[in-house]
Amino acid sequence: MEWLTGPFEVTFVQRALWGGMLVSAICALAGTWVVLRGMAFLGDAMSHGLLPGVALAALFGGNLLVGALLSAAVMTAGVTALGRTPRLSQDTGIGLLFVGMLSLGVIIVSRSQSFAVDLTGFLFGDVLAVREQDLMLLGGALLLALAVSVLGHRAFLALAFDPRKARTLGLRPRLAHAVLLGLLALAIVASFHIVGTLLVLGLLIAPPAAALPWARSVRGAMALAALLGATATFCGLLLSWHLSTAAGATVSALAVVLFFLSHLASGLRHHRRARRGGVPAAATD
């Protein structure tokens, strides 16, 4: 029992656990829509697009979170604007923004004397360095994400399954898409200093993707995704403590493992139902 509870008697591991659970909840709210709409590439691009703002903040001694927010705002505005260009596919626009922002960030960071340290922290984060102030910020971000998710649920749902119907119902799909991008940016900005931009997709994509085969509603998928993310956080911190591995990477890797286990179990369930002549249940709202 000491093996299971011992690590969490240490204060900084407790803060890491709470931080990871808050990040898991935020990522579940945004990540479920990302998975439903097939926006994983956009999530990856936006996470790496934070680098210029973070680099400028580090170079001039500013607040890294503010720099990340500014970059996220630029990426959100850029993706929204390029999405309205009829002669340019959205994937092409996102790819160009991705490369451009990442290149600009590396150029800026290369001017700093602590290039390697800054870039490593940006890419991989440091979940064991979570402070009480970080927990308060994450709590505020979670409340904001919840508010956006509740108020925008109907519009997001129509946008995910039938954009033309969303327009017919007067739900303003372009505005809904922009707000959804803002929710995605919020999740990434809130998470990057915990697990880093390279690993944030682990919590943003894997838990919702693992939850969808078992959920009967979008809200149910979000709740299950938050639970799976929290499980990956707890088990990842536990294994990291005993195996002396990188905490953020271990958490992210376990989230991906849970995804594969979920889909393996789902496949076995569908196979058994097919043999019995049953009809598999599908996730609906």
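Counting from 1, residues in each chain are numbered in the order their sequence is written. Restriction of local features to residues with pLDDT of at least 70 applies here, the model being predicted, together with a cutoff of 80 or more for giving and counting side-chain atom pairs; totals for whole chains, interfaces and linings are based on all residues. Values shown for side chains rest on all heavy atoms present in the structure; no hydrogens or waters enter the calculation.

Colleague: Any chance you could explain the overall build of the protein here in plain terms?
Modeller: Helices and strands together make up the secondary structure of the protein, namely 13 helices and zero strands. Strands here are runs of E lasting at least two residues and helices are runs of H or I lasting at least four, both read from the DSSP assignment and numbered beginning at the N terminus. Seen in sequence order, the protein has helices and strands lined up from the N terminus as α-α-α-α-α-α-α-α-α-α-α-α-α. By residue count, 47% of the 285 residues in the protein fall in the buried class. Of the contacts made within the protein by residues no fewer than 6 positions apart, 75% connect residues no fewer than 24 positions apart. Per element, the accessible surface of the protein, about 14,200 Å² overall, is 67% carbon and sulfur. Burial classes follow relative accessibility: with a 1.4 Å probe on protein chains only, a residue under 20% of its type's maximum area counts as buried, one over 50% as exposed, and anything between as partly exposed. Residues count as neighbours in contact if any of their non-hydrogen atoms are within 4.5 Å of one another. Calculation of accessible area relied on Shrake-Rupley with a 1.4 Å probe; when residues are assessed, cover is drawn exclusively from the protein chains displayed.

Colleague: Before we go on, may I ask you to explain the packing of aromatic side chains in this structure?
Modeller: Each aromatic ring pair is specified by the distance between its two centres and by the angle formed by the two planes. Pairing of aromatic rings covers Phe, Tyr and Trp, the last counted by its six-membered ring, and requires centre-to-centre distances within 6.5 Å; plane angles under 30 degrees mean stacked, over 60 mean edge-to-face, and any other angle means tilted. A full pass over the atoms with the stated rule returns five aromatic pairs. With a centroid separation of 6.4 Å and 40 degrees between ring planes, the pair formed by F12 and W241 is classed as tilted. Within this pair, whereas F12 is found in helix α2 (residues 11–36), its partner W241 is found in helix α12 (residues 218–243), the two being separated by 229 residues in sequence. Residue classification places W241 among the partly exposed positions, given a relative accessible area of 39%. With a centroid separation of 6.2 Å and an interplanar angle of 70 degrees, the aromatic rings of F41 and F98 are classed as edge-to-face.

Colleague: Can you help me understand the packing of α2 against helix α10 (residues 173–195) in this one?
Modeller: For any two helices packed against each other, one specifies the inter-axial angle together with the distance between the axes. Contact geometry of α2 with α10 gives a least axis separation of 9 Å together with a crossing angle of 145 degrees. The handedness of the crossing between α2 and α10 is left-handed. Contact residues: α2 offers V23, I26, C27, L29, A30, W33 and V34, while α10 offers L180, L183, L184, A187, A190, S191 and I194. Fitting a line to C-alpha atoms yields each axis, with helices limited to the stretch in contact; the angle taken between N-to-C directions then spans 0 to 180 degrees. Crossing handedness follows the turn of the near helix against the far one: under a right angle anticlockwise gives a left-handed crossing, and clockwise gives a right-handed one.

Colleague: Would you mind going over the side chain of H177 with me for this structure?
Modeller: Inspection of the secondary structure puts H177 in helix α10. Take H177: its relative accessible area is 14%, and that puts it in the buried class. In protein, a polar contact requires one atom able to donate a hydrogen and another able to accept it; more generally it is a pair of N or O atoms within 3.5 Å, and residues adjacent in sequence count only if both atoms are side-chain atoms. A distance of 2.9 Å separates polar atoms of two side chains, one belonging to H177 and the other to R37. Sequence-distant contacts of H177, that is, excluding residues within four places in its chain, are made with R37, Q90 and L159.

Colleague: For this particular structure, what's the right way to read the side chain of S24?
Modeller: Tracing the sequence through the fold places S24 in helix α2. You can call S24 buried: its relative accessible area is 2%. Among the polar contacts made by the side chain of S24, one reaches the main-chain carbonyl oxygen of G229 at a distance of 3.2 Å.

Colleague: Is there a simple way to explain the nonpolar core in this structure?
Modeller: Among soluble globular proteins, nonpolar side chains are generally buried collectively. Among the buried residues, those of types Ala, Val, Leu, Ile, Met, Phe, Trp, Tyr and Cys that are joined through side-chain atoms within 4.5 Å form a nonpolar core. Counting residues in each nonpolar core, the largest one holds 69 residues, and the members touching the most others are I26, W33, L42, M46, L50 and L204. It is α10 that contributes the most residues to this core, 14 residues altogether. Residues A28, A210, A211 and L228 belong to the second largest nonpolar core, which totals five residues.

Colleague: How do you make sense of the pattern of salt bridges when you look at a structure like this?
Modeller: Close approach of charged atoms allows side chains with opposite charge to pair. Salt bridges are defined by distance alone: a side-chain nitrogen of Lys or Arg within 4 Å of a carboxyl oxygen of Asp or Glu. In the structure shown here, the tally under the stated rule is one salt bridge. Two residues, D134 and R131, come together in a salt bridge whose shortest N-O distance is 3.3 Å. Judged by its relative accessible area of 7%, D134 is buried.

Colleague: Teacher, can you tell me more about the environment of W33 here?
Modeller: The residue W33 is located in helix α2 in this model. By relative accessible area, which is 0% here, W33 ends up buried. The sequence separation of W33 and H153 amounts to 120 residues, and the corresponding C-alpha distance is 9.9 Å. With near-sequence residues (within four places) excluded, W33 lies in contact with M39, H153, F156, L157, A160, L180, L183, V218 and M222.

Colleague: Is there a simple way to explain a nonpolar patch on the surface in this structure?
Modeller: Here a patch means residues that are over 30% exposed by relative accessible area and free of salt bridges, tied together within 9 Å if like-charged and within 5 Å if nonpolar (Val, Leu, Ile, Met, Phe, Trp, Tyr). On the surface, a cluster of nonpolar side chains totalling about 440 Å² of accessible area is made up of M1, W3, L4 and F234. Tracing the backbone through its elements, the reader meets M1 in the segment before α1 (2–5). Overall, M1 belongs to the exposed group, its relative accessible area being 75%.

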